[in-house]
Amino acid sequence: MSNPQRRPFIAGNWKMNKTVGEALSLARELRGLVSMVRDRVEMAVAPPFTALHSVARALEGSNIALAAQSCHWEAFGAFTGEVSAPMLKEVGCSYVIIGHSERRQYFGETDETVNRRCQAVLKAGLVPIVCVGETLAEREAGRTLEVVSRQLKGGLAGFSPAELARFVVAYEPVWAIGTGRNATADQAQEVHAHIREQLVAAFGREAAEQVRIQYGGSVKPDNAGSLLSKPDVDGALVGGASLKASDFAAIVKAAG
Ligand code: 13P
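No experiment lies behind these values; they were computed from the predicted model shown.

Undergrad: Mind showing me how you'd approach the overall build of the protein here?
TA: In terms of regular secondary structure, the protein is built from 12 helices and eight strands. Taken over C-alpha atoms, the radius of gyration comes to 17 Å for the protein, in line with the 18 Å a tight globule of 256 residues would show. When the 256 residues of the protein are sorted by exposure, 54% land in the buried category. Partitioning the contacts of the protein with sequence separation of at least 6, the portion at a separation of at least 24 is 73%. In the structure as shown, the protein presents an accessible area of about 11,200 Å², 53% of it carried by carbon and sulfur atoms. Side chains of the protein give 28 positive and 27 negative charges; the mean places of these two sets differ by 4 Å.

Structure below.
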């Protein structure tokens, strides 16, 4: 069973999908499907920047929070193409996904920039969802726990235990993202327990026990229940299946 101290948190990462019109349809459909879940499960969706404002209005008064997919570490300035944490706060976001493996792989995100972005997110009063995870080659070389430890150490350097307690961590093995090949519940639990141990060692047990650790990578309605039954799997960060309201709602129900 998941730890009752931590409320399950299911978030949908829409990535670079959905026009404003499509995003509104999805948000409205989802709102209807999950309204009965109420407070048992925390939920968020992360549309692309262009749809944040419209989706925020469509979700007003609902039990679904809004997340962004990244943000810059400065509050404003000459950073063409970037969006800042205070801007995301103003548009209605509560969370920001930081350090997703696609940003690390395609856009040069490093543990150091993850750290700087997290500082900006907290400063703006938002909650970072920090993504970590190994590639297939790293797993096959037996380096999974070492890689995840390094990403956590760099990404979370310098935060206080009180700050850490607000974080969400997402374990997303790169080989499981968009491949249809999810980590088994036991594989996920092994890494989640390791993440929790690392957090305990660096920040103390009280703070570490409050951090929700989501699993991400080919989460679907038919595997969510098994993954979420593990004691350190406190939720899911869902990609492909979050683009279909009925699938996302089924995953939410598996958590509640
Ligand atoms: P998929 O659920 O499509 O594998 O994506 C997972 C992910 O990257 C969520 O951030």
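Continuing now.
Undergrad: Got a minute to help me understand the packing of helix H11 (residues 221-228) against helix H12 (residues 245-255) in this structure?
TA: For any two helices packed against each other, one specifies the crossing angle of their axes together with the interaxial distance. It is the contact of H11 with H12, at a shortest axis distance of 9 Å, that shows an interaxial angle of 20 degrees. When the axis of H11 is compared with that of H12, the two are roughly parallel. Handedness of the H11/H12 crossing: right-handed. When H11 is examined against H12, the residues Pro-221, Ala-224, Gly-225 and Leu-228 are found in contact with a partner set consisting of Asp-247, Ala-250, Ile-251, Ala-254 and Ala-255. When its residues are assigned to classes, the contact of H11 with H12 shows seven nonpolar, one polar and one charged.

Undergrad: Can you help me understand the environment of Gln-151 in this one?
TA: Inspection of the secondary structure puts Gln-151 in helix H7 (residues 144-155). With 29 residues separating them along the chain, Gln-151 and Leu-122 place their C-alpha atoms 18 Å apart. Aside from chain neighbours lying at most four places away, what touches Gln-151 is Arg-104, Asp-111, Val-132 and Gly-133.

Undergrad: What is the right way to look at the site of the ligand in this model?
TA: Lining the immediate environment of the ligand, one finds Asn-13, Lys-15, His-100, Glu-172, Ala-176, Ile-177, Gly-178, Gly-217, Ser-218, Leu-237, Gly-239 and Gly-240. Between an oxygen atom of the ligand and a main-chain N or O atom of Gly-178, the distance comes to 2.6 Å. One nitrogen or oxygen atom from the main chain of Gly-239 is found 2.9 Å from an oxygen atom belonging to the ligand.

The rules we used
- Residues numbered from 1 in each chain as written.
- Predicted model: local features only at pLDDT ≥ 70, side-chain atom pairs only at ≥ 80, totals over all residues.
- Heavy atoms only, no water.
- Helix = DSSP H or I, 4+ residues; strand = E, 2+ residues; numbered from the N terminus.
- Rg over C-alpha atoms; globule rule 2.2 N^0.38 Å.
- Buried < 20%, exposed > 50% of the residue type's maximum accessible area, 1.4 Å probe, protein only.
- Contact = heavy atoms within 4.5 Å.
- Areas by Shrake-Rupley, 256 points an atom, 1.4 Å probe, with all protein chains shown as cover.
- Lys, Arg positive; Asp, Glu negative; His and termini not counted.
- Charge placed at Lys NZ, Arg CZ, Asp CG, Glu CD.
- Axes fitted to C-alpha atoms, helices over the stretch in contact; angles between N-to-C directions.
- Parallel < 35°, antiparallel > 145°, perpendicular 65-115°, else oblique.
- Left-handed = near helix turned anticlockwise from the far one by under 90°.
- Nonpolar A, V, L, I, M, F, W, Y, C, P; charged D, E, K, R; others polar.
- Near = heavy atom within 4 Å.
- Polar contact = N/O pair within 3.5 Å; in protein donor to acceptor, adjacent residues only side chain to side chain.

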